[in-house]
Amino acid sequence: MTDATLSPGKAVAAVKRPTGASIGPRWSNALFVAPYMVFYVVLLVYPLFKGIWMSMLESDMFDDTSKFAGLANYYRLFNDKIFIGTVWNTVLFVLMTVPVFVAIGLLLALALNRSDRTSATLRAIFFGTSVLSVTIVTIIWKMMYMPGNGAIASLMRLLGLEPIAFITTASLALPAVAITTIWWIIGLPMMLFLAALQQIPGELYEAAALDNASRWRSFWSITLPSIRRTMLVVVIYEIVAQFQLFGQAQLLTQGGPNNASRPIVLFIYEQGFRSWNLGYAAAASEILFLIMAVAALAQFFASRKRVEE
Amino acid sequence: MQVSSIELDSVSKRFGSVEVISELSLTIHSGEFIAFLGPSGCGKSTLLRMIAGLESVDGGEIRIGGERVDRLPPGARGVAMVFQHYALYPHMTVFDNLAFGLRNIGTAEDEIARRIEEAARILEISHLLKRKPGQLSGGQRQRVAIGRALVKDPKAYLFDEPLSNLDAALRVRTRVELARLHQQTRATTIFVTHDQVEAMTLASRIVVMNARKVEQVGTPMEIYGRPATEFVARFVGSPAMNFLPVQVNDRGGLASAVLGDGSIIDTHVPVAALPGGDLRVGVRAEAIRVRPDGALPGKVEVVERLGDRTHLHIRLMDGSTLVAEDTGISQVQPGDAVRLAVEGATAHLFDAGGLAYHARQ
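Note that the structure is predicted; figures quoted are calculated from it, not measured.

> I keep staring at the overall build of chain B and nothing clicks. Help me out?
If you tally the helices and strands in chain B, you get 8 helices and 21 strands. By principal-axis analysis of the C-alpha atoms, chain B measures approximately 75 × 45 × 35 Å. Taking all contacts inside chain B whose residues are at least 6 apart in sequence as the whole, residues at least 24 apart take part in 64%.

> Hey, could you run me through the overall build of chain A in this one?
In terms of regular secondary structure, chain A is built from 14 helices and 2 strands. A compact globule built from 309 residues should have a C-alpha radius of gyration of about 19 Å, whereas chain A, at 27 Å, is more than 25% larger. With respect to the three principal axes, the spread of C-alpha positions in chain A is 100 × 75 × 35 Å. In chain A, which comprises 309 residues, the share counted as buried stands at 29%. Expressed as a percentage of contacts within chain A between residues at least 6 apart in sequence, the contacts between residues at least 24 apart total 68%.

> Is there a simple way to explain the interface of chain A and chain B in this structure?
The parts lose accessible area when they come together, and the size of an interface is often stated as this lost area. At the junction of the two partners, chain A supplies 14 residues and chain B supplies 16 residues. In terms of residue count, the dominant contributor to the side of chain A that touches chain B is helix α9 (residues 202-210) of chain A (6 residues). A class-by-class count of the residues in the side of chain A that touches chain B yields 8 nonpolar, 2 polar and 4 charged.

> Help me understand helix α8 (residues 187-198) of chain A, please; the structure alone is not making it clear to me.
Each turn of an α-helix holds 3.6 residues, which means side chains three or four residues apart point in the same direction. Residue and element names in this part refer to chain A. Taking 1.5 Å of rise per residue, the 12 residues of α8 would be expected to cover 16 Å, and the 16 Å separating its terminal C-alpha atoms lies within 8% of that figure. Burial in α8 covers these residues: G187, P189, M190, F193, L194 and A196. Structurally, α8 contributes buried residues whose contacts are with α3 (81-112), α4 (117-128), α7 (170-185) and α11 (228-243).

> What should I look at first to understand the pairing of strand β18 (residues 321-327) of chain B in this one?
Two faces make up the sheet, and in a regular strand the side chains alternate between them. Residues and elements named next belong to chain B. Two strands pair when backbone bridges link them, and strand β17 (residues 309-316) and β18 are joined in this way by 7 bridges, in the antiparallel orientation. In the sheet register, I314 faces β18, and the bridge partner there is L322. What sits between the antiparallel neighbours β17 and β18 is a turn of 4 residues, in which G319 has the positive phi angle 95 degrees.

> So what exactly am I meant to see when it comes to the confidence of the model for chain A here?
For residues with low pLDDT, the predicted coordinates do not support detailed interpretation. Summing up the model confidence of chain A, the mean pLDDT is 86 and the portion of residues at 70 or higher is 90%. Note on residues 1-14 of chain A: pLDDT is under 50 here. Beyond four places in sequence and across chains, it has 3 contacts.

> Teacher, can you tell me more about the sheet that holds strand β12 (residues 254-258) of chain B here?
Strand-to-strand pairing in sheets goes through backbone hydrogen bonds, with the strands running parallel or antiparallel. All names here are of chain B. The strand order across the open sheet built from 6 strands is β13-β12-β11-β14-β20-β21, with neighbouring strands paired in antiparallel fashion. Each edge of the sheet is formed by a strand with only one pairing partner; in this case those strands are β13 (264-270) and β21 (356-357). Of the strand pairs in this sheet, strand β20 (residues 348-351) and β21 are connected by 2 bridges, and their pairing is antiparallel. What sits directly across from F350, in β21, is A356.

> Help me understand the packing of helix α3 (residues 109-123) of chain B against helix α4 (residues 138-150) of chain B in this model?
What describes two packed helices is the angle between their axes and the distance between those same axes. Residue and element names in this part refer to chain B. Their axes nearest at 10 Å, the elements α3 and α4 cross at an angle of 140 degrees. Between α3 and α4, the crossing angle belongs to the class labelled oblique. At the point where α3 passes α4, the crossing takes the right-handed sense. For the pair α3 and α4, the contacting residues are A119, A120, I122 and L123 in the first and R143, I146, G147 and L150 in the second.

> Sorry, what's going on with the UniProt feature "transmembrane region" (unreviewed entry) in chain A here?
Residues and elements named next belong to chain A. Under the UniProt annotation, "transmembrane region" (unreviewed entry) lies at residues 30-49, 87-112, 124-144, 164-186 and 278-302. Taken end to end, residues 30-49 is 80% helix and 0% strand, and its two terminal C-alpha atoms sit 24 Å from one another. Counting secondary structure, residues 124-144 comes out at 76% helix and 0% strand; the distance between its end C-alpha atoms is 22 Å.

> How should the nonpolar core be read in this particular structure?
What tends to happen in soluble globular proteins is that the nonpolar side chains get buried as a cluster. A35(B), I51(B), L158(B) and I190(B) are the most contacted members of the largest nonpolar core, which has 102 residues in total. Two domains each donate at least three residues to this core, and these are domain 1 (6-228) and domain 2 (242-357) of chain B. Every residue in contact with I190(B), bar those within four places of it in the chain, is listed here: I28(B), I34(B), F36(B), L48(B), I51(B), A156(B), L158(B) and F159(B). Core analysis: the next-biggest nonpolar cluster, separate from the first, contains 50 residues, L252(A), I264(A), L278(A) and A284(A) among them.

> Got a minute to help me understand unusual backbone geometry in this structure?
If a residue is not glycine, its phi is most likely negative; likewise, a peptide bond is most likely trans. All names here are of chain B. Here the residue pair S238 and P239 is connected by a cis peptide bond, since its omega of 0 degrees sits within 30 degrees of zero. Positionally, P239 belongs in the loop between α8 (230-235) and β11 (242-251). The backbone of R186 sits at a positive phi, close to 55 degrees, despite the residue not being glycine. Among the secondary structure elements, R186 is positioned in the loop between α5 (168-185) and β8 (188-193).

> Would you take a moment to explain the environment of I227(A) for this structure?
All names here are of chain A. Turning to its location among the elements, I227 is positioned in the loop between α10 (215-226) and α11. C-beta crowding within 10 Å serves as the criterion here: with 22 such atoms nearby, I227 is assigned to the buried category. Distance in space between the C-alpha atoms of I227 and A298 is 19 Å, their sequence separation being 71 residues. Apart from the residues within four sequence positions on either side, I227 is in contact with F193, A196 and L197.

> Explain the UniProt feature "domain: ABC transmembrane type-1" (unreviewed entry) in chain A here, please?
Sequence positions flagged by UniProt for "domain: ABC transmembrane type-1" (unreviewed entry) are, in local numbering, residues 87-299 of chain A. With 76% helix and 0% strand, the stretch residues 87-299 of chain A has end C-alpha atoms that lie 19 Å from each other.

> Explain the domain arrangement of chain B here, please?
Here chain B is described as being made up of domain 1 (6-228) and domain 2 (242-357). The gap between the C-alpha centroids of domain 1 of chain B and domain 2 of chain B is 39 Å.

> For this particular structure, what's the right way to read the sheet that holds strand β7 (residues 156-160) of chain B?
Residue and element names in this part refer to chain B. The strand order across the open sheet built from 6 strands is β6-β7-β8-β3-β9-β10, with neighbouring strands paired in mixed fashion. A single partner strand is all that each edge strand has here, and the edge strands are β6 (79-82) and β10 (213-218). Taken pair by pair, the neighbouring strands of this sheet meet at an average axis angle of 15 degrees, ignoring direction. Note: β7 against β8, 5 bridges, orientation parallel. Each bridged residue has a counterpart across the sheet, and for L158 the counterpart in β8 is I190.

> Looking at this structure, I do not really get the pairing of β12(B). What am I missing?
Residues and elements named next belong to chain B. Burial along β12 is one-sided: the residues A255 and A257 are buried and none of L254, S256 and V258 is. Between the end of β11 and the start of β12, which pair antiparallel, lie 2 residues, with G252 showing a positive phi angle near 65 degrees. Inspection of the sheet shows β12 paired to β13 by 4 bridges, in the antiparallel sense. Looking at the pairing, A257 lines up with I265 of β13. Hairpin connection of β12 to β13: 5 residues between the antiparallel strands, including G262 at a positive phi of 95 degrees.

Calculation notes
- Residues numbered from 1 in each chain as written.
- Chains lettered and ligands numbered in written order.
- Predicted model: local features only at pLDDT ≥ 70, side-chain atom pairs only at ≥ 80, totals over all residues.
- Helix = DSSP H or I, 4+ residues; strand = E, 2+ residues; numbered from the N terminus.
- Contact = placed C-beta atoms within 7 Å.
- Rg over C-alpha atoms; globule rule 2.2 N^0.38 Å.
- Buried ≥ 20, exposed ≤ 12 C-beta atoms within 10 Å, placed from the backbone.
- Nonpolar A, V, L, I, M, F, W, Y, C, P; charged D, E, K, R; others polar.
- Expected span 1.5 Å × (residues − 1).
- Pairing = 2+ DSSP bridges.
- pLDDT = per-residue confidence, 0-100.
- Axes fitted to C-alpha atoms, helices over the stretch in contact; angles between N-to-C directions.
- Parallel < 35°, antiparallel > 145°, perpendicular 65-115°, else oblique.
- Left-handed = near helix turned anticlockwise from the far one by under 90°.
- UniProt positions renumbered as here; feature names shortened; annotations may be inferred.
- Core = buried A, V, L, I, M, F, W, Y, C linked by C-beta atoms within 7 Å.
- Domains from an automatic or database assignment.

Given below as structure tokens:
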């Protein structure tokens, strides 16, 4: 027993074992994370800070000169009615789409959470639109919305109604983009909800049936609490994704009429790559980044509090 | 306290073209503790779920307390079920788990609180009421699941393999508690299990099922002492009953079984009842003892020591094997040549179809 007692004062970290293994930091281990770190720094950290720096420059892309301008770009942005309009449009678009993604995604998932062939086919169809490119999607919906001989206009005429010019009416252009977007990528929230629903043990519903729970009560007391985390994921993901609205608006309405459907990213694109105001575009990007971060964080903290209860 | 009988009348169940239960009739008396015992896939759980209303009934009738229930939804049948994986609502506290069913039928809150307090006291879970299922151990979850049944004061309790998720020590303890609980409530109880010890120790009657049909219904000692078929004889009892092919001679009206090596077991089975054709004698290990004057010679191959007794796996002269029992302090070693004495009074004979023939009672 006494033989095994360690002599006092011997530093454990310095012990060199006979096999050659040593306890303590070994910097060669960093090689294992190096590939990831390189890409992370080059493709994420560097552009992030470069973007912040650019937003404080006044650049001229024609003669490739730039000078430090402090917060001048930001000051200009907050006084730019068109930019404020695009922020408002984007927020409105997020409010129009995200709740619908959650509600319809969940409804579809509930309806198709069965193992028969019809449900499997419908699941594939609803998810199928997500793989289409934005170009195809906007072409399809342009054919739907066209006031002359579009599908909706033809249908309305058939019913004896006056056709509505969705894309060229200021109050309807953004909702039209929203409907197109929902049709396009409703498949993802549906699939996420389906995966969550299938994780709920069937025994819980059987126990609830024996407990005289109505379908509504089972949904409220078992289904909803069980998919709360997935709902949080869907909400955060869709907020982040829909704040970046670009392709549908550019191809369907070009931001019009009269900027009624112009989102922030389209503004950034036009400032940066059409008007060559790179610093101004970078400043708008930073504001979009801030809005998205705040929205996602607020949702995350609000939901985490409830989940932990 | 409600007590109700349960009657199954020619009940059938099909999954697609496969008939899983055919024309099964059974009466469970009021206050009885019945075990459905059988290997997995024998239809015992399906039968229980049909009584609960979780599976439809394709033919026949189910009556609980005289009232026909096979068309009623599960909640309207007045039964409570304890599931194998407990099926506690994970997002509710233990109290809300117990209250859920009562709230759904509009029970007054003070009555709910009174019943939960009572059940929690009986099951010793009063200190757990504010916790969620995820914060409980397996045994505590089991108690909550039983509590959820208890507060409903049901006409019958249905247990679907409730002990199979517990560790061995806890299983034995919970078994005793279930027996005690039944003695207190005297409620009609159906208990599905594949474990013969659970069935033997808990049930007042056992329904042994195999391959979609009932093999035998009887008290534990009837099942053990007078198994109706070879399946029951093999399934109940550990080690399984020994089977040896025999020729039968008439010895004063009783069958005298001649083994392959010529040794004789004098059974008490009446010869008159026996059919022609191949017969086998069935003897339990405890009826085969090592004795210097035994008639049956054999060689010990394996010695299993269980402490209180010892099981000897023995090869007979004709090459067949059997398991004999010896005392816990047995000196027998593998490879020993031994002589065995077989107690003929407890031997059974089985025909080619597996049907059993017993001594007169």
